[in-house]
Amino acid sequence: MGYLGDAMDQRQACHEPAAGEISLCTDQLCLSYGSKQALEGVSLEIKPRAVTAIIGPSGSGKSSFLCCLNRLTDLTAGSAVSGQVKVGSTEIYGTQRHDPVQLRRQVGMVFQRANPFPFSIWKNLALPLRHHGVRDKQQLRQRIESALQRVGLWDEVSDRLNTPAGALSGGQQQRLCIARALVLEPSILLMDEPCSALDPISTQRIERLILELKERYTIVIVTHDLAQARRIADHVALFWSFEGKGRLIEYGPAPQIFHHPTHELTGAYLAGHI
Amino acid sequence: MVEAATIAPPLGARSTLGIDTLVWGVGLALLALFGLLLAEMFAAGLPVLSLEFITGEASDAGRSGGISAVLVSTLWVVALAVGIALPLALGTALYISEYLGRGSTLYRLIHGSLDVLSAVPSVVFGLFGNAVFCELLGLGYSLAAGALTLVCMIVPVMVKASVDGLTAVPTELRAAGSALALSKPALIGHIVLPAALPGVASGVLLGVARALAETAALLFTSGYVLRMPDSPLDSGRTLSIHIYDLAMNVAGGDRFAYGSATVLVILLLMINGAIALVSSYAHRRTTDS
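Predicted, not measured: the structure shown is a model, and the values here were computed from it. (Residues numbered from 1 in each chain as written. Chains lettered and ligands numbered in written order. Predicted model: local features only at pLDDT ≥ 70, side-chain atom pairs only at ≥ 80, totals over all residues.)

### What about the overall build of chain A?
To keep it simple, the criterion reads: Each helix corresponds to a stretch of at least 4 residues labelled H or I by DSSP, and each strand to a stretch of at least 2 residues labelled E; elements are numbered beginning at the N terminus. Our radius of gyration is a C-alpha quantity, and the globule rule it is checked against amounts to 2.2 Å times the number of residues to the power 0.38. Backbone-placed C-beta atoms define the burial measure: a residue is buried with 20 or more other C-beta atoms within 10 Å of its own, exposed with 12 or fewer, and partly exposed in between. Contact definition: two residues whose C-beta atoms, as placed from backbone geometry, lie within 7 Å.
Scanning chain A for helices and strands turns up ten helices and ten strands. Compactness check: chain A gives a C-alpha radius of gyration of 19 Å against a globular reference of 19 Å for 274 residues, within 12% of the reference. Across its three principal axes, chain A shows a C-alpha extent of roughly 55 × 45 × 40 Å. Across the 274 residues in chain A, those meeting the buried criterion constitute 46%. Within chain A, residue pairs in contact and separated by at least 24 positions form 69% of the contacts whose partners lie at least 6 positions apart.

### Looking at the nonpolar core
Here is the rule we go by: Linking buried Ala, Val, Leu, Ile, Met, Phe, Trp, Tyr and Cys residues through C-beta atoms within 7 Å yields a set, and such a set is a nonpolar core.
Counting residues in each nonpolar core, the largest one holds 150 residues, and the members touching the most others are A179 of chain A together with A81, I154 and M158 of chain B. For M158 of chain B, the residues in contact, after removing those within four places along its chain, are A85, L86, A89, G203, V204, L206 and G207 of chain B.

### Comments concerning the domain arrangement of chain B
Reports of interface size often rely on the accessible area that becomes lost once the parts have come together. Residue and element names in this part refer to chain B. Put simply, the rule reads: Residue ranges for the domains originate in an automatic or database domain assignment. Side-chain classes are defined by residue name, with Ala, Val, Leu, Ile, Met, Phe, Trp, Tyr, Cys and Pro counting as nonpolar, Asp, Glu, Lys and Arg as charged, and the others, Gly among them, as polar.
Considered domain by domain, chain B is made up of domain 1 (2-48) and domain 2 (55-287). Computed from C-alpha coordinates alone, the two centres of domain 1 and domain 2 are separated by 33 Å. Counting residues at the interface gives six residues for domain 1 and seven residues for domain 2. The residue inventory of the side of domain 1 that touches domain 2, partitioned by class, reads five nonpolar, one polar and no charged.

### Regarding the pairing of strand β4 (residues 79-87) of chain A
Residues and elements named next belong to chain A. Test applied: Here, a strand pair is defined by DSSP locating no fewer than two bridges between the strands.
Strand direction decides the pairing type here: strand β1 (residues 24-33) and β4, joined by eight bridges, are antiparallel. By the bridge assignment, T26 is partnered in β4 with V85. Both β4 and strand β5 (residues 90-91) contribute to a ladder of two bridges, which runs antiparallel. Opposite V87, over in β5, you have T90 as the bridge partner. The antiparallel hairpin formed by β4 and β5 contains two residues in its connecting segment, where G88 sits at a positive phi of about 65°.

### Notes on the confidence of the model for chain A
The criterion, for reference: Scored from 0 to 100, pLDDT reflects the predictor's confidence in each residue.
Overall, the prediction assigns chain A a mean pLDDT of 89, with 91% of residues at 70 or greater. In this model, residues 1-11 of chain A is a region of pLDDT below 50 whose contacts with residues beyond four sequence positions or in other chains number 24 contacts.

### Quick look at the interface of chain B and chain A
On the chain A side, the residues contacting the 21 residues of chain B number 27 residues. For the side of chain B that touches chain A, the elements supplying multiple residues, two or more each, are α7 (171-179) and α8 (184-213) of chain B. Examining the composition of the side of chain B that touches chain A, we find that seven residues originate from one element, α7 of chain B, more than from any other. Across the side of chain B that touches chain A, the residue classes break down as ten nonpolar, seven polar and four charged.

### Some thoughts on the pairing of strand β7 (residues 188-192) of chain A
All names here are of chain A. Counting buried positions over the five residues of β7 gives five, a clear majority of the element. In β7, alternate side chains face the same way, and those of I188, L190 and D192 on one face and L189 and M191 on the other are all buried. Pairing of strand β6 (residues 107-110) with β7 involves four bridges; the strand directions are parallel. Following the sheet pairing, V110 is matched in β7 by M191. The pairing of β7 with strand β8 (residues 218-222) spans five bridges and is classified as parallel. Paired with M191 across the strands is I221, a residue of β8.

### What to know about the environment of M248 of chain B
You can see M248 of chain B is positioned in helix α10 (residues 239-248). Sequence spacing of M248 of chain B and A119 of chain B is 129 residues, and the spatial spacing of their C-alpha atoms is 26 Å.

### Looking at unusual backbone geometry
Phi is positive for E243 of chain A, close to 50°, though the residue is something other than glycine. Take E243 of chain A: it is sitting in the loop between β9 (235-242) and β10 (245-253). Phi at A61 of chain B takes a positive value of approximately 55°, unusual for a residue other than glycine. You can see A61 of chain B is positioned in the loop between β1 (58-59) and β2 (64-65).

### Examining helix α7 (residues 200-213) of chain A
Residue and element names in this part refer to chain A. We count it as follows: In this analysis, the expected span of each helix is defined as 1.5 Å times one less than the number of residues it contains. For this quantity, the arc is that covered by the directions from the helix axis to the C-beta atoms.
Over its 14 residues, α7 extends 20 Å from the first C-alpha to the last, a length consistent with the 20 Å expected when each residue adds 1.5 Å. Among the residues making up α7, those that are buried are I206, L209, I210 and L213. End-on view of α7: buried residues confined to an arc of 105°, all on one side of the axis. Facing away from the buried side of α7 by over 90 degrees, the exposed positions are P200 and I201. Elements that come into contact with the buried residues of α7 comprise β3 (51-55), α6 (170-182), β7, β8 and α8 (226-232).

### Regarding the environment of L264 of chain B
Residue and element names in this part refer to chain B. Note that L264 resides in helix α11 (residues 254-287). L264 gets classed as buried once you count the C-beta atoms within 10 Å, which come to 22. Considering only alpha carbons, one finds L264 and I243, 21 residues apart in sequence, at a separation of 9.4 Å. With residues up to four places along the chain from it excluded, the contact list for L264 reads L212, L239, S240 and I243.

### Let's talk about the confidence of the model for chain B
All names here are of chain B. With 93% of its residues at a pLDDT of at least 70, chain B reaches an overall mean of 88. Helix α1 (residues 2-45) is the least confidently modelled element of chain B, averaging 80 in pLDDT, while helix α5 (residues 122-136) averages 95, the highest of any element. Predicted confidence for residues 1-5 stays below pLDDT 50, and this span has zero contacts to residues more than four positions away or in other chains. In the model output, the complex is listed with pTM 0.78 alongside ipTM 0.87.

Spelled out as structure tokens, the structure:
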């Protein structure tokens, strides 16, 4: 389970997952939109039940990388992925193509802006559950309550589950979206700058939540906020843009990246020189 | 700099005032024109309206009696046309916006064709309908041939409005649905369509309005015989043709032409209201738990 120092030209084969754990790793992952290449040769192995922060300047392919991990890139016309992404023992872009619907049950995602459906709070959570076969009212109620409790929203909304989700505050909406991602009980949670549109109090609340969630989930979070990465990340990956192509330039345990970076760009970026 | 600063605000304010006046002026003028039109029509048409006028049979080439046969023909044509056009248009709109790539050649081709089709004069559709439905398919002058011709006319309008409604659904909602492992049909059925409902409803309304108001295309296809149709395969006269005939061909038919026009406008307002009600009910049903 070794880290990569300068990953640009190295190849790393994905390791076999330990028993009972859903691992996530990429090998020489490339992504292009039409003729524009967005990611080049990204190989990294995400540590299970930990928070991995993806940092780097705008346009370095962080969000694109995240979208490769649950095949959300499929939604963009003209996108093409090469290389390997392995979730557990399944190669999701392999010849025997993994069903994206099954994949996304294992790999949940939370977006930059809270995007609740224009439904009631209850229906936001009931819709994915019903779609995946949970019909029993008692079971629906149990799973919805447990997801809302996990994000600390149950006490705030339990008496108004039938009100529109859009009436909640920004921070509550984002926690509802996290609950909605958790309600299907995925193993991996992808978060694309989940706090960038929130005030400091809501941000703090979500950060606390992320730290609690990592006991059960593997979390990959894209963030522009270096202080946030310092507060919550166990591992950090720095992406950089070379002639418009995003590459991974350094990956390691958070203390090592923040205190003893090996790549000169990492040091300069973290010190705010570039 | 000081001079510029002191001069600039009044100039800006003055030009804003000018634009405001212009915008308000144009708006009020249009409203007045519309009001005048309705007032003139209702003034002449409302006194004609009675139960006898709505339910009676026409006599003396429409100068007296009622318009029951015309109303039945109109309802046949509009109901058939919208009933056939709606599923066709919705299916096409869903295919274009959800399954075809925005950049694909087929997408551009279909979009371009729709633009051209919705701009084709109705008389051309009339000639086409006459050649294809009346002659080639052997339907003759009939309400069915008229309805099928209207289908060709209103499908492009409905598709365009529905595609606009569907493409206006925020990408974030689609991404959220996909990330929750919803299959494509579920994503469309549960998230995209309910969110696009107002756009789709306005498309339906545009289609119904165009079908109700159509004259030229129907003259060539459904005919203009003034009698009660027994089935859609009979020919018949719709409201707009009745108004045209009374106003242009029947001396002394003006009063009943105004009466029929008033019925047409009231019908249109009722359909508008009904569609708004149905769409808001459907929206509520899908958004509530």
